[in-house]
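# A structural walkthrough
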Amino acid sequence: MSLVDSPPAGPPVSSARATARLLGSELRLVFGRVRNIVLLVGLAAVPLLIGTVLFVTQDTPVAGQGPPFLDRVTGNGVFLVFAALVSCLPFLLPLCVSIVSGDAVAGEASAGTLRYLLVVPVPRTRLLLVKAVAALAYAAAAVTAIAGVGLVAGAAFFGVGDVVLLSGDTIPLAEGMLRTLGVVGYVVASLTGLVAVGLFLSTLTEVPVAAMAATVVVAIVSGVLDALPQLSAIHPALLTHHWLDFGEFLRLEVDASTLFAGLAVQAAWVAVFGALAWSRFTTADVSS
Amino acid sequence: MSGAEGDAGDAEGAGDAEGAAVRTRGLTKRFRSGQVGVDGVDLLVPRGAVYGFLGPNGSGKTTTIRMLLGLVSPTAGSVELLGTAMPGGGAEVLPRVGALVEGPAFHPYLSGEANLRRLDAADPTSAPGSRTRRIGAALERVGLTAAAGKRYRQYSLGMKQRLGLAAALLRPRDLLLLDEPTNGLDPQGTREVRALVREVADAGATVLVSSHLLSEIEQVCSHVGIMSRGTLLAQGPREEIADEGTTEVRVMTRPDQRAHAVRVLSGLGLDGARADGEVVAAPLGSVAVEKVAQAVVGDGIDLLGLEVRRPTLEDVFVRLTGEGFDVAR
Amino acid sequence: MDTTRSLSPRARWAVPAVVAGAVAAAFAVPATMGAVASDELPAVTADELVERLAVAEKVPVSGTVVYTARLGLPDVTVSEIQGAGPLDLLGGSSTVRVWSDGEDSSRAALLGEVSEYSVVRDGPEAWTYSSADDEAVHYVVDPADLERYEALAQEGAEPPVDGDVPTPSEAAGLALAYARTTTDVTTTEPVEVAGRAAYQLEMRPQTDGTLVDRVLVAVDAETSVPLRTQVWSVQDAESPAIEVGFTDVSFDAPDLSVFDFSAPAGADVREVEVPLPEPGTLEQPSSDALGKDAGVAVSGTGWETVVELSDVDVDEILGATSEGRLPEGSTGSSGADDLFEELTESEDGELPGLPELDTQALYEQLTTEVDGGRLLTSALLSVLVTDDGRVLAGAVPPATLEELAG
Ligand SMILES: Nc1ncnc2c1ncn2[C@@H]1O[C@H](COP(=O)(O)OP(=O)(O)OP(=O)(O)O)[C@@H](O)[C@H]1O
Ligand SMILES: [Mg+2]
């Protein structure tokens, strides 16, 4: 009694295959969207901008002033990666991550496409998981874009060489590159908590801008609380407190427990807000 | 007239052999605002039927369809689609159900075709190999082939509606739930949708079409359900519902003879005879129409015309849901 | 997908609650889990413990030290802008990584967020390096004194390095110096520090005239290495005013390359030759640096010691940072001395990590105007700078100083 006489579609594929297929579609959606591409390009422009400014001003008295690592860049282009990451971490990176993760569910809800995905049917848990992974992939792409462009621009402007650690010791460039990879990985991992928060807020509303703004606010408020010495008791649990711990990769001996502490806090935020997002999304009425 | 419950009982007996395509029991939705959008609805759509789901604005049609699809969880009551309980059986049964809920919705910055690709990729049971062919066929079917590569943002209202139908027809379906499918379509498009519905039904699928515009679906549906203020007032085969109305006899005569005509008709035992604009009308009841003609002419009235008006769905609809223009809630 | 539908909505909302509980538990458990059996240690008396400390062989130590100061000073933490430097130690919490081979090589790194201040000693030479301004200072013993250094090194003496970073051992050394003055020394219940069982010495001043309530020194039961020192102020019974202790410690010999430091390419390097002090002059305050005619007077004894410097030109010290260095031991009490040094410290060069700091502004921020001068009060130390050029300092209440100043 089928409507079209072609044979029914193939047997249901395994859950993992189906998830992978949906993820592919989701990644195309996220990375194909002009807004998201523009944001990525904007982030990638930051190291370029810093590199250009440093290149132009390197022989003037203002050279060597500014945030950490900035004064090292002219001596070794590798530091442009770190200088750019330090510049983007307080606001630009959280902003981009918030936009994509806050949009994840709320964007589909406001467009109405959520109801059609759900009646396809896509199980809500799977949809949420795929949205989370795609948002995280975007965060990874953002950090990688900054680091990659930073490295290329740094090498082009200033050349690269052996890396002087924060402790004053010098390591070979190859090890420096490995540690840079570690920095990139750690910064990406540092953003997972924010992705989870954004995803949860995204399940609460059908207005994507509201979810995005609320997520940015969470990141910024966390930064503000982190700066209040009166709250030092709660600092270690704050979402943003360990973000700059990527500096651990530039110390004499990389202390795994320091890195784990930061990762554990992110894991805690992911667990709590991931669970909240799941509860909310699998119980909510879709009336958009 | 038989109420919703009586009809449901009848239809249930009829549908037992095959099971109903849609069956709800006591379906109720109370929103968080406290408002009851759907109140104790026992929907029954037999397999193979084209079910016209009628009701004025705000009567709860869309909310009911959302509950059928598991988008909104009912406050009370149960839903069965194609014999499978929802929402638990969604993964199993929804691939066989095509739906259009409250208008089409797609990503505006993707082309129509890319939007369909995304939906198809999301479906764990669809075969990727035949994706392009199926999408092409679905677009063709709704007459969108020419605009397949255009961004959805640039579609006209009717084109959007057609793309929504194409999505519902991406795969062979056993059940189509179409909420206001003709909304925004030109007369040509409306006719095409009707043809499509008929074609789908002829192929053996069940179709539930909701509308507040009766005329649009009256012609295609075999069954009718009428919603008002969240309750299902009547449902059943279209003729049965229509027969709920009363056959009227309408006598045309000169203006000065109308009062006379009313007396004559009353004399025949037709209660409720009245001058209705330029005609004199009365419910026919069991009186034969030729008796009426004879009586009128025999009494010296100039009979300019005589009409027997069979009840229409619209009469029933309006009588059940009221004439008012304002939405009920 | 069935699982997502098989839980009732209410049960589903219980999931985040359970997860939150599990997370809280996961973060709470490691704090209690690593508990070592510190209560099974054989009892020792205070005298035995002091003796053990005195004769303990130096062993290699490495680990992480957290230093926390709750001195009640205005917040002058500047590491966010300036990078890690010794001034961080005035308030808040600082983390120091330490490595020591147990002999004459050691390294300490004061960690800033993305900066570091390192002090590396390797025999007769030492380095300090600040990542924030990429500046290294190289201290070498005067070649003329090298021979004598070798001899001294056998006895465990070290060349002095400025801008030093505190470690529990040093703090314990200071505390033990106090123990010889008018102090009750007892032991407390054994404690656990950095996952190790430790004995703890408690030293209480016998007088009420000091700001110091008690000093606690936790000593590793196995190696007799001091693991933690706490100084409690009479003003705060809740938490110690100064605490410096290991949060993580290992007694394995560190990789020797850790002590092998040379200035990185491109860094500003300053060479400093350190003459070894003549024997016997080690504790003598030198007044040279305090303005031409500065005199030193000491009143009170033990915990109540107040040092009075006269004819100090405060403006000169604050302005000419390159000259105004307070020599070690000049306040007579080494704890007060250390603090005083940190507050006014300015090496023969600049304060490490603080090249652009406005010392005058800092001075005004830290002190309050009082009758006839400016007063600095903190949980452990009071300093009075009178308008007529005298500086009084001691671990005593401010009133004592004002009284002395007249
Ligand atoms: N999410 C919601 N929250 C609160 N009330 C709602 C919600 N959705 C619908 N309603 C209310 O429920 C009632 C039924 O709405 P529904 O959309 O089902 O009507 P409908 O029959 O589809 O109307 P129309 O013909 O205009 O599409 C309306 O009164 C509406 O205001
Ligand atoms: Mg509707």
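Quick caveat: nothing in here was measured; it's all calculated off a predicted structure. (Residues numbered from 1 in each chain as written. Chains lettered and ligands numbered in written order. Predicted model: local features only at pLDDT ≥ 70, side-chain atom pairs only at ≥ 80, totals over all residues. Heavy atoms only, no water.)

## Digging into the overall build of chain B
Let me state the cut-off plainly: Numbering of helices and strands runs from the N terminus, with a helix taken as a DSSP run of H or I at least four residues long and a strand as a DSSP run of E at least two residues long. In this scheme, a residue with accessible area under 20% of its type's maximum is buried, one over 50% is exposed, and one in between is partly exposed, where area comes from a 1.4 Å probe on protein chains only. Should any heavy atoms of two residues lie within 4.5 Å, those residues are counted as being in contact. Note on areas: Shrake-Rupley with a 1.4 Å probe; residue coverage comes only from the protein chains shown. His is not counted here, nor are the chain ends, while Lys and Arg score as positive and Asp and Glu score as negative. Note on charges: their place is set at NZ of Lys, CZ of Arg, CG of Asp or CD of Glu.
When helices and strands are tallied, chain B shows 12 helices and 15 strands. C-alpha extents for chain B along the principal axes are approximately 80 × 45 × 40 Å. Within the span of chain B, comprising 329 residues, buried residues form 54% of the whole. Within chain B, contacts between residues at least 6 apart in sequence are counted, and of these 69% link residues at least 24 apart. Total accessible area on chain B is roughly 13900 Å²; 49% of this is exposed by carbon and sulfur atoms. Distance from the positive charge centre (37 side chains) to the negative charge centre (41 side chains) of chain B: 9 Å.

## With respect to the interface of chain C and chain A
Which entries qualify depends on this criterion: Two parts placed together each lose some accessible area under a 1.4 Å probe, and the buried area is that loss summed for both. Whenever Lys or Arg places a side-chain nitrogen within 4 Å of a carboxyl oxygen from Asp or Glu, that contact is recorded as a salt bridge. Counting of polar contacts relies on pairs of N or O atoms within 3.5 Å, with two restrictions inside protein: one atom must be capable of donating a hydrogen and the other of accepting it, and residues adjacent in sequence are counted only when both atoms are side-chain atoms.
Counting residues at the interface gives 33 residues for chain C and 36 residues for chain A. Here chain C packs against chain A, burying approximately 2800 Å² in sum over the two surfaces, 61% of which is carbon and sulfur. If you look at where chain C meets chain A, you find 5 salt bridges. Among the salt bridges present, the one from aspartate 255 of chain A reaches arginine 97 of chain C, with a minimum N-O distance of 3.4 Å. One can count 15 residue pairs in polar contact (both at pLDDT 80 or more) joining chain C with chain A. Listed by contribution, the elements that provide at least two residues to the side of chain C that touches chain A are α1 (2-6), α2 (9-33), β2 (92-100), β3 (105-111) and β4 (116-122) of chain C. When residues of the side of chain C that touches chain A are assigned to their parent elements, the largest contribution, 9 residues, is made by α2 of chain C.

## Thoughts on the site of ligand 1
Inclusion rule: It suffices for a single heavy atom of a residue to lie within 4 Å of a molecule or strand for the residue to be listed as near it.
The environment of ligand 1 is made up of 14 residues, and the closest members are Gln35, Gly58, Lys61, Thr62 and Thr63 of chain B. The local environment of ligand 1 is shared, drawing residues from chains A and B. One of the side-chain nitrogen or oxygen atoms of asparagine 57 of chain B is found 2.9 Å away from an oxygen atom of ligand 1. One of the backbone N or O atoms of glycine 60 of chain B is found 2.9 Å from an oxygen atom in ligand 1.

## Concerning helix α9 (residues 192-204) of chain A
Residues and elements named next belong to chain A. The criterion, for reference: In this scheme, a helix's expected span is set at 1.5 Å multiplied by one less than its residue total.
Between its first and last C-alpha atoms α9 spans 19 Å; for 13 residues at 1.5 Å apiece the expected length is 18 Å, and the two agree. With respect to burial, α9 is a largely interior element, 12 of its 13 residues being buried. For α9, the elements touching its buried residues are α5 (92-111), α7 (124-158), α8 (173-190), α10 (208-226) and α11 (256-283).

## What to know about the nonpolar core
Filter applied, for reference: Throughout this description, the term nonpolar core refers to a set of buried Ala, Val, Leu, Ile, Met, Phe, Trp, Tyr and Cys residues connected via side-chain atoms within 4.5 Å.
Counting 163 residues, the largest nonpolar core has Phe69 and Leu93 of chain A together with Leu69 and Leu81 of chain B as the members making the most contacts within it. With 13 residues, the single largest contributor to this core is α7 of chain A. Beyond its immediate chain neighbours, meaning those up to four positions away, leucine 69 of chain B contacts Val119 of chain A together with Met86, Leu94, Val97, Ala99, Val101 and Leu177 of chain B. Membership of the second largest hydrophobic core comes to 55 residues, among which are Ala46, Leu53, Leu201 and Ala395 of chain C.

## Focus: the sheet that holds strand β10 (residues 223-228) of chain B
Residue and element names in this part refer to chain B. Let me state the cut-off plainly: Should DSSP find at least two bridges between two strands, the strands are regarded as paired. Each axis is a line fitted through C-alpha atoms, taken for helices only over the stretch in contact, and angles between the N-to-C directions span 0 to 180 degrees.
Reading across from one edge, β7-β8-β9-β4-β10-β11 is the order of the 6 strands in this open sheet, with mixed pairing throughout. Only two strands of the sheet have a single partner each, and these edge strands are β7 (97-100) and β11 (231-237). Neighbour-to-neighbour, the strand axes of this sheet turn through a mean angle of 10 degrees, independent of strand direction. Across 4 bridges, the pairing between β7 and strand β8 (residues 175-179) is parallel. Residue valine 97 lies in a different strand from β8, and its bridge partner there is leucine 175. Those strands touched by helix α6 (residues 157-168) are β7 and β8, and its axis lies near 165 degrees from that of β7. Taken strand by strand, helix α12 (residues 313-321) contacts β4 (50-54), β10 and β11, and its axis lies near 25 degrees from that of β10.

## Section: the interface of chain A and chain B
Our working rule: Polarity classes work like this: nonpolar for Ala, Val, Leu, Ile, Met, Phe, Trp, Tyr, Cys and Pro, charged for Asp, Glu, Lys and Arg, and polar for all others, with Gly in that last group.
Between chain A and chain B, the contact holds 37 residues from the first and 46 residues from the second. Our count for the contact surface shared by chain A and chain B stands at 3 salt bridges. For arginine 118 of chain B, the salt bridge identified is with glutamate 108 of chain A, shortest N-O distance 2.8 Å. Our count for the chain A to chain B interface comes out at 18 residue pairs in polar contact (both at pLDDT 80 or more). Listed by contribution, the elements that provide at least two residues to the side of chain A that touches chain B are α1 (15-32), α5, α6 (113-118) and α7 of chain A. Here the element with the most residues in the side of chain A that touches chain B is α1 of chain A; it accounts for 6 residues. Tallied by class, the residues present in the side of chain A that touches chain B amount to 19 nonpolar, 8 polar and 10 charged.

## Notes on the packing of aromatic side chains
Condition: Any pair of Phe, Tyr and Trp rings, taking the six-membered ring for Trp, is counted once the centres come within 6.5 Å. Such a pair is stacked with planes under 30 degrees apart, edge-to-face with planes over 60 apart, and tilted for the rest. Only when the NZ of Lys or the CZ of Arg is both within 6 Å of the ring centre and within 35 degrees of the ring normal is a charge said to sit over the ring.
Summed over the entire model, instances satisfying the criterion amount to 15 aromatic pairs over all chains. With a centroid separation of 5.8 Å and 40 degrees between ring planes, the pair formed by phenylalanine 31 of chain A and tyrosine 138 of chain A is classed as tilted. One end of the pair, phenylalanine 31 of chain A, is in helix α1; the other, tyrosine 138 of chain A, is in helix α7, with 107 residues separating them in the sequence. You can call phenylalanine 31 of chain A partly exposed: its relative accessible area is 29%. Overall, the relative accessible area of 1% leaves tyrosine 138 of chain A in the buried class. By the ring-pair criterion, three or more aromatic residues cluster together here, those being Tyr116 of chain A together with Phe106, Tyr152 and Tyr155 of chain B. Between the NZ or CZ atom of arginine 72 of chain A and the centre of the ring of phenylalanine 79 of chain A, over which it lies, the distance is 5.8 Å. Across the ring face of tryptophan 232 of chain C, the terminal group of arginine 214 of chain C is positioned such that the distance to the ring centre comes to 4.2 Å.

## Thoughts on the pattern of salt bridges
Applying the stated criterion to the full structure yields 37 salt bridges over all chains. Two residues, glutamate 80 of chain B and arginine 25 of chain B, come together in a salt bridge whose shortest N-O distance is 3.9 Å. Placement of the pair is glutamate 80 of chain B in strand β5 (residues 76-81) and arginine 25 of chain B in strand β1 (residues 20-30), with a sequence separation of 55 residues. Judged by its relative accessible area of 30%, glutamate 80 of chain B falls in the partly exposed class. We classify arginine 25 of chain B as partly exposed; its relative accessible area is 38%. Taking the shortest distance from any N to any O, the salt bridge between arginine 204 of chain C and glutamate 202 of chain C comes out at 3.2 Å. Overall, arginine 204 of chain C belongs to the partly exposed group, its relative accessible area being 32%. Among the ionic contacts, a cluster of salt bridges with common partners joins Glu248, Arg251 and Asp255 of chain A together with Arg97 and Glu116 of chain C.

## Some thoughts on the sheet that holds strand β14 (residues 279-283) of chain B
All names here are of chain B. Spatially, 4 strands are ordered β13-β14-β12-β15 in an open sheet, and the strand pairing comes out antiparallel. Of all the strands in the sheet, the pair left with one neighbour each is β13 (274-276) and β15 (305-309). Each adjacent strand pair in this sheet contributes to an overall mean axis angle of 30 degrees, direction not counted. Summarising the sheet, strand β12 (residues 248-252) and β14 pair through 5 bridges and their orientation is antiparallel. Bridge pairing in β14 places methionine 252 opposite valine 279. Each of β12, β13 and β14 touches helix α10 (residues 258-267); the most contacted strand, β14, lies at about 15 degrees to it.

## Points about the confidence of the model for chain B
Under the convention used in this document: The predictor rates its confidence in each residue with pLDDT, a number between 0 and 100.
The share of residues in chain B with pLDDT of 70 or more is 92%, and the mean pLDDT across the chain is 84. Contacts of residues 1-17 of chain B to residues separated by more than four positions or lying in other chains number 21 contacts, the stretch itself having pLDDT below 50.

## Let's talk about the domain arrangement of chain B
What counts, and what does not: Note that the domain bounds were set by an automatic or database domain assignment.
Entries for chain B in the domain assignment read domain 1 (2-243) and domain 2 (248-310). Taken over C-alpha atoms, the centre of domain 1 of chain B sits 44 Å from the centre of domain 2 of chain B.

## Side note on the environment of glycine 204 of chain B
Note that glycine 204 of chain B resides in the loop between α7 (187-202) and β9 (206-211). Overall, glycine 204 of chain B belongs to the partly exposed group, its relative accessible area being 21%.

## Brief notes about the UniProt feature "transmembrane region" (unreviewed entry) in chain A
Residue and element names in this part refer to chain A. Going by this rule: UniProt positions are given in the numbering used here, feature names are shortened, and annotations may be inferred rather than shown by experiment.
When the UniProt feature table is mapped onto this chain numbering, "transmembrane region" (unreviewed entry) sits at residues 37-57, 77-106, 127-160, 180-201, 213-238 and 258-278. This span, residues 37-57, is 100% helix and 0% strand, and a straight line between its end C-alpha atoms measures 30 Å. Split by type, residues 180-201 is 95% helix and 0% strand. Its first and last C-alpha atoms lie 32 Å apart.

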